[in-house]
Number of protein chains: 6
Amino acid sequence: MFLQVVNPNTTWAMTAKIEACARAVAGPGTRVEAVSPAMGPPSIESHYDEALAVPGLLAEIEKGERAGADGHVIACFGDPGLDAAREIATGPVVGIAEAAMHTATLLGRSFSVVTTLGRTTGRAWDLAERYGMRGKCRGVHACEVPVLSLDTDPDARKIITEACADALSEDGSDVVVLGCAGMADLCTRISADLGVPVVDGVTAATLAVQSLVTMGLATGGKRGEFAPPPPKLYSGLLQDFTTSR
Amino acid sequence: MFLQVVNPNTTWAMTAKIEACARAVAGPGTRVEAVSPAMGPPSIESHYDEALAVPGLLAEIEKGERAGADGHVIACFGDPGLDAAREIATGPVVGIAEAAMHTATLLGRSFSVVTTLGRTTGRAWDLAERYGMRGKCRGVHACEVPVLSLDTDPDARKIITEACADALSEDGSDVVVLGCAGMADLCTRISADLGVPVVDGVTAATLAVQSLVTMGLATGGKRGEFAPPPPKLYSGLLQDFTTSR
Amino acid sequence: MFLQVVNPNTTWAMTAKIEACARAVAGPGTRVEAVSPAMGPPSIESHYDEALAVPGLLAEIEKGERAGADGHVIACFGDPGLDAAREIATGPVVGIAEAAMHTATLLGRSFSVVTTLGRTTGRAWDLAERYGMRGKCRGVHACEVPVLSLDTDPDARKIITEACADALSEDGSDVVVLGCAGMADLCTRISADLGVPVVDGVTAATLAVQSLVTMGLATGGKRGEFAPPPPKLYSGLLQDFTTSR
Amino acid sequence: MFLQVVNPNTTWAMTAKIEACARAVAGPGTRVEAVSPAMGPPSIESHYDEALAVPGLLAEIEKGERAGADGHVIACFGDPGLDAAREIATGPVVGIAEAAMHTATLLGRSFSVVTTLGRTTGRAWDLAERYGMRGKCRGVHACEVPVLSLDTDPDARKIITEACADALSEDGSDVVVLGCAGMADLCTRISADLGVPVVDGVTAATLAVQSLVTMGLATGGKRGEFAPPPPKLYSGLLQDFTTSR
Amino acid sequence: MFLQVVNPNTTWAMTAKIEACARAVAGPGTRVEAVSPAMGPPSIESHYDEALAVPGLLAEIEKGERAGADGHVIACFGDPGLDAAREIATGPVVGIAEAAMHTATLLGRSFSVVTTLGRTTGRAWDLAERYGMRGKCRGVHACEVPVLSLDTDPDARKIITEACADALSEDGSDVVVLGCAGMADLCTRISADLGVPVVDGVTAATLAVQSLVTMGLATGGKRGEFAPPPPKLYSGLLQDFTTSR
Amino acid sequence: MFLQVVNPNTTWAMTAKIEACARAVAGPGTRVEAVSPAMGPPSIESHYDEALAVPGLLAEIEKGERAGADGHVIACFGDPGLDAAREIATGPVVGIAEAAMHTATLLGRSFSVVTTLGRTTGRAWDLAERYGMRGKCRGVHACEVPVLSLDTDPDARKIITEACADALSEDGSDVVVLGCAGMADLCTRISADLGVPVVDGVTAATLAVQSLVTMGLATGGKRGEFAPPPPKLYSGLLQDFTTSR
């Protein structure tokens, strides 16, 4: 089984970390490859960043399809481009926010999300609503560590752990969900420190896609909403990466 | 007052029609200019099309800002890029789906949406949910006329009118919402034929933005979620249209 | 275009203020006339007040219809008598709460309402629920300035501004909605003081009705729920009980 | 114990029928008196009718209070004036729609409402939403027998029974709720004919108020929303407009 | 009329108290008998306790049926076994949580629940959701007095009263619901001390069942979901109390 | 890794089939053992059946814990005893309905459930609501094949396949969820016949538990709602299987 993990920002150091976390949980027969798009923002911290990341992300999904990927993970907590990716992929596609939130609901009554910047909390609430988790998600909390400082700030783990403790206390929730792919490597340690389940979406989504492929399941609605988009002549600069369809 | 209407597909004939409809309702002191992006799909009929249209749309919003636009309309019924546009615009930004749905709720208990292809109905439901209209939107119906055939198919108006009549009957609703910017010119005629209010989002959004500007209102949350995105170095092909920020 | 604004309480000083605010935003071709009923309470601060205001309000709507009004605004934040008014008016009817709440959702993720007395906050929540805004309305806050003191209390603006600031801070919302027609004249100043969008329902509803009339739209459901009520013989005098309290 | 049942329309024949149904279920120590207002519409079949019925209804509640009523029933399926009545009554006040819907939920997973005219179904949905019953109310169906024909039309019971059967079949529900006080006397017979529980709000509300008084319970929130409204000088005559239609 | 009240724990002292409270409100023609199962936990303070209490509870319902009970009350605030009891009883069955919550909504806009241990608050929220009360239930609060200490702890009433006062203040609600059958005898006193309506589910459910029987109403859906379960051969130790079917 | 799958009915032939399906998808390092309780009903087709199955199910969970199970699957589509099992298990516990529904949402916009008897559809809706899937579950359909006939009725697969086709057509959904553990072996074939994703909960839950254990995740809330229940003296016949705690 070959799973592609797309980190939709262009920071390959983060991509490598994500790949390591995904590989650490994948089964023995599963090959995992993580990639970043050739174009897009170095980190996704606004609706604008997300919008500009999606075309490059979709180009990678298409490359992954040609390379024979059996399934795809979108490794950004905003689940950017998920619906579009499901149209163009033959196998399953899972976003890390949806995987993490679904996983959290198997572990208790409620969860809290701890994410990077405050300006991204709205998007997390959007997704909670979309996934039917509005009642189970008790809070979305920002630690105010920017995405690209997660690796460079020596206090990052400490700050995030404290934000998780505060979130649990304030929300009275049972589980923490880490709200950024760049936090994937911290998950086990924070969980041990706090003594509560802490869910990382990268591992959750990798295992979810692996499970779907194991069960022979791919995106439905292929005769309707999720059918492959009909070929069109896309104009302008975007053409370079879309003519490959 | 200068309002920019962005048709996010690249079909300028449709842009001209949209501009005419918007101008027909704007006040005497309001200048309306409609544009299409330099890049993107000729029509938006899938999640994939929408994803590829957004970067070009945002580039036009940025151009409109530099040209002194007081407000912006996004003239595609999926309201693509709306959150991102609100981050980069100083004045208000309104999507035609949100404007049409809000308008419809002022006219009765419930409404039905009639859109183009069946594969786009899911997106309309997403928006109804997002705008708090899940209970008021009784149905989303497809007439199966593709966007670019709205002008060329001689039977288009007849087919859409019949779809509206069927929707009203099936849903027991009070109002019809037209689910595509390309239907804007048909609105008055269909309403007259059916004897019920029919709402077109292009005119509704143009008037909504004009009203917001008149009241001196622009997007809030400018210290948080909708603050201008901090400058970043965007890599790759997308750079051309983003370096202007 | 002739728009009627009905202030459903009997305090004509407040009616004059409302009229001025409505006229300030109406387009050059729009005539705006504000009226109060001949009967009813001097201010609406309870469910009881509202119930007694509605018959007089409906009588004014009927007078407005006979005078050729193209549309009507109900200028009380409880949106009293809205459904009944839609039955008897040929043109559109918009309440200031619904107009303000819909407007607020075009400006951000969430809003807070600041109203007069605490006992009226329940009604504001009822309306938020009815209009599909339960998730977007983060709080309804009372400044405890009675309606008729809005003009006479020299500290009124200061108290309301502070209540708005507290609401924004407590709720983490993007926009403020003023919860009383009597606050209409304070809107611009409070918005300037706080640096956030502040929505007044009187201007929002006036512009909404003007837009509906411009688009040729009136209340739907005229063959069903909003059909004119069939003539009936209403018995007795509604007079006696209103002097007995 | 003295319970007042207010039929908010002015048709005393219907009031007598309602009184008989209420008395038939009241306990041996409970005195039940039904009244109609001196003013208002002969039947309530529109939002307009309801609005004009409420002042007279409230006057009767005030009379009942002065006569020592321990609790009040509002015997119209739109539950008109319920919030206002709770402000002015010292004892509990229950509407027949709320009583019937709450009762129905004790009897199964879901219920269907069968009411008089189609134009009133919207109000029933409003109440289902307000009472948290949106998921349990599977349908609101009109038999198109006007309120005042319930007694005079010899086919009324047959038509209503058929509408109930159709509703059960179409909705797959467990219980029928009769959506008009004027159907109270038909309840037992229809239930026997159909072999399913059929709930009449008049008896349900009478027993609910009797239970509340037995438990010593009255409306809460008396320091806030449901406090007695402060005295005000209500102006004018509510008379003129009611003969003008 | 003969009503059976089942206290699903095995503590007969609590059963006697429950019986006294139920009898205190029942009408003159109503006989009330309270029982505990022969098997099960001495108190219900976890999902595990509840699961083990249900078979014994159902055996008592079956005994009550054979003894001619016209209706049944399940006197534990988790409403355990309610759906199963409705399948096997011919008359109505009401749980004390559902009765208390429905009653509370007749008394104001919102209520707060005060229960025993914090670990049981989740179940109360489950029921609020199930009964459509999610918006009306403003909070579920634990006083941390275990069920069996309600009678033995001399400070129990004081602690619960303080928890009720805190709940009202924190939630801004109009009504308190007591979240344990063992608090039934404290209800009147707490209500008097706090000056707000306090609802006890034991009395509320007893009166609700009495009302249903008076109206001739029993569980619907008897041809579907709530039909008597077909006879089966139950294996193992459970056989003793199930062979009686 | 050792996973226990509990079939809560006492039909071991079905347990063997479930075990085979679970083993077919488990990873190479995962041992799967399926068991049935010593006591309880031979099939679960009513609320009553479910209630009587739970104590035996919980006894098996406790046995599994003592045998060193790392996680547990509850293999009945009603997810009976799930909360209680989470209290007593140290590792994760997943029900097949929750696993199937979560899985289905990763595959499209909406799903339909096809279950055995019509009387069990209510419970499936309960679970959809509980898991936040009310909007995504478009329908619950019964094929009216009893649980124990799934293996013996030669037409079972054909009937179920037709019910799935009808459900997809009627609901316009993207995915089918099989609503009974006894259908697990039919999943792949039905999916192939219909050309749409068909989700079986047994395999979905087995993989979900395996994933949770791989990530080191177990039930949270262990200091509150899901803490081990304190030891109590359970009376009566139930003692035999509870004294082991």
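Taking an unreviewed UniProt entry as the reference, chain A is identified by name as Hydantoin racemase belonging to Rhodococcus coprophilus. We quote the UniProt Sequence similarities (unreviewed entry) comment for chain A here in full: "Belongs to the HyuE racemase family."

The next point concerns helix H2 (residues 47-66) of chain E. Owing to its 3.6 residues per turn, the α-helix aligns residues three or four sequence positions apart on the same side. All names here are of chain E. Taking 1.5 Å as the rise per residue, H2 with 20 residues should run 28 Å; its terminal C-alpha atoms sit 29 Å apart, in good agreement. The sharpest bend along H2 comes to roughly 35 degrees, located at Val54, with the proline Pro55 sitting one to four residues further on. In terms of residue burial, H2 counts as a mostly covered element, since 18 of its 20 residues are buried. Once H2 finishes, Gly68 follows within two positions and takes phi at roughly 90 degrees, a positive value.

Further remarks concern the arrangement of the chains. For the 12 pairs of chains in contact, the maximum contact count is reached by chains C and D. There is no contact between chain A and chain D; across them, the least C-alpha separation is 16 Å. For chain C and chain F, which are not in contact, the least C-alpha distance works out to 16 Å.

This paragraph deals with the interface of chain C and chain D. With 49 residues of chain C at the contact, the number on the chain D side is 49 residues. Of the roughly 4,500 Å² buried between chain C and chain D, counting both surfaces, carbon and sulfur atoms make up 57%. The shortest N-O distance in the salt bridge between Asp49 of chain C and Lys232 of chain D comes to 2.5 Å. Across the contact surface, chain C and chain D share 22 residue pairs in polar contact (both at pLDDT 80 or more). Looking at the side of chain C that touches chain D, the elements with two or more residues in it are helix H2 (47-66), helix H3 (82-88), helix H5 (121-130) and helix H9 (241-244) of chain C. For the side of chain C that touches chain D, the element with the most residues is H2 of chain C, which contributes 11 residues. Of the residues in the side of chain C that touches chain D, the class split is 24 nonpolar, 13 polar and 12 charged.

This part covers the relation of the copies chain E and chain D. The transformation that overlays chain E on chain D combines an axial shift of 0.0 Å with a rotation of 180 degrees, and the residual RMSD is 0.0 Å. What the superposition gives is, in effect, a two-fold axis relating one chain to the other. Among all C-alpha atoms of chain E, that of Gly132 of chain E lies closest to the rotation axis, at 2.2 Å. In this assembly the copies share their binding face: 100% of the residues contributing to the interface of chain E also contribute to that of chain D.

Residues and elements named next belong to chain F. One open sheet holds the four strands; their spatial order is S6-S5-S7-S8, and the pairing between them is parallel. Edge positions in the sheet fall to strand S6 (137-142) and strand S8 (198-200), since each has one partner strand and no second. Here the strands of the sheet are splayed against their neighbours by 25 degrees on average, with no regard to which way each runs. Bridge count between strand S5 (residues 111-115) and S6: five bridges; the pairing is parallel. Its bridge partner lying in S6, Val113 is registered against Val140.

Time to look at the domain arrangement of chain A. All names here are of chain A. Per the domain assignment, the segments of chain A are domain 1 (2-95 + 203-242) and domain 2 (97-200). The gap between the C-alpha centroids of domain 1 and domain 2 is 22 Å. Each side of the interface is counted separately: domain 1 has 26 residues, and domain 2 has 29 residues. With both chains or domains summed, domain 1 and domain 2 bury close to 2,100 Å², and 57% of this area falls on carbon and sulfur atoms. Of all residues in domain 1, Lys17, Glu45 and Phe77 bury the most surface against domain 2, accounting for 38% of the area lost on that side. For the pair domain 1 and domain 2, the interface holds five salt bridges. Salt-bridge contacts for Arg86 lead to Glu98; the nearest nitrogen and oxygen are separated by 2.6 Å. Linking domain 1 to domain 2 there are 16 residue pairs in polar contact (both at pLDDT 80 or more).

Right, let's talk about the sheet that holds strand S3 (residues 71-74) of chain D for a bit. Residue and element names in this part refer to chain D. Spatial strand order, S2-S1-S3-S4: four strands in an open sheet with parallel pairing. Each edge of the open sheet is held by one strand with a lone partner, namely strand S2 (31-35) and strand S4 (93-95). Shown here is a sheet whose adjacent strand axes are inclined to one another by a mean of 20 degrees, direction ignored. Direction of pairing for strand S1 (residues 2-6) relative to S2: parallel, over a ladder of five bridges. Bridge assignment links Gln4 to a residue of S2, and that residue is Glu33. Along the sheet, helix H2 (residues 47-66) contacts S1, S2 and S3; its crossing angle with S1, the most-contacted strand, is approximately 170 degrees.

The rules behind the values
Residues numbered from 1 in each chain as written. Chains lettered and ligands numbered in written order. Predicted model: local features only at pLDDT ≥ 70, side-chain atom pairs only at ≥ 80, totals over all residues. Heavy atoms only, no water. UniProt positions renumbered as here; feature names shortened; annotations may be inferred. Helix = DSSP H or I, 4+ residues; strand = E, 2+ residues; numbered from the N terminus. Expected span 1.5 Å × (residues − 1). Bend = angle between axes of the 7 residues up to and from the residue. Buried < 20%, exposed > 50% of the residue type's maximum accessible area, 1.4 Å probe, protein only. Contact = heavy atoms within 4.5 Å. Buried area = accessible area lost by both parts, 1.4 Å probe. Salt bridge = Lys/Arg side-chain N within 4 Å of Asp/Glu carboxyl O. Polar contact = N/O pair within 3.5 Å; in protein donor to acceptor, adjacent residues only side chain to side chain. Nonpolar A, V, L, I, M, F, W, Y, C, P; charged D, E, K, R; others polar. Least-squares fit on C-alpha atoms with pLDDT ≥ 70 in both. Pairing = 2+ DSSP bridges. Axes fitted to C-alpha atoms, helices over the stretch in contact; angles between N-to-C directions. Domains from an automatic or database assignment.

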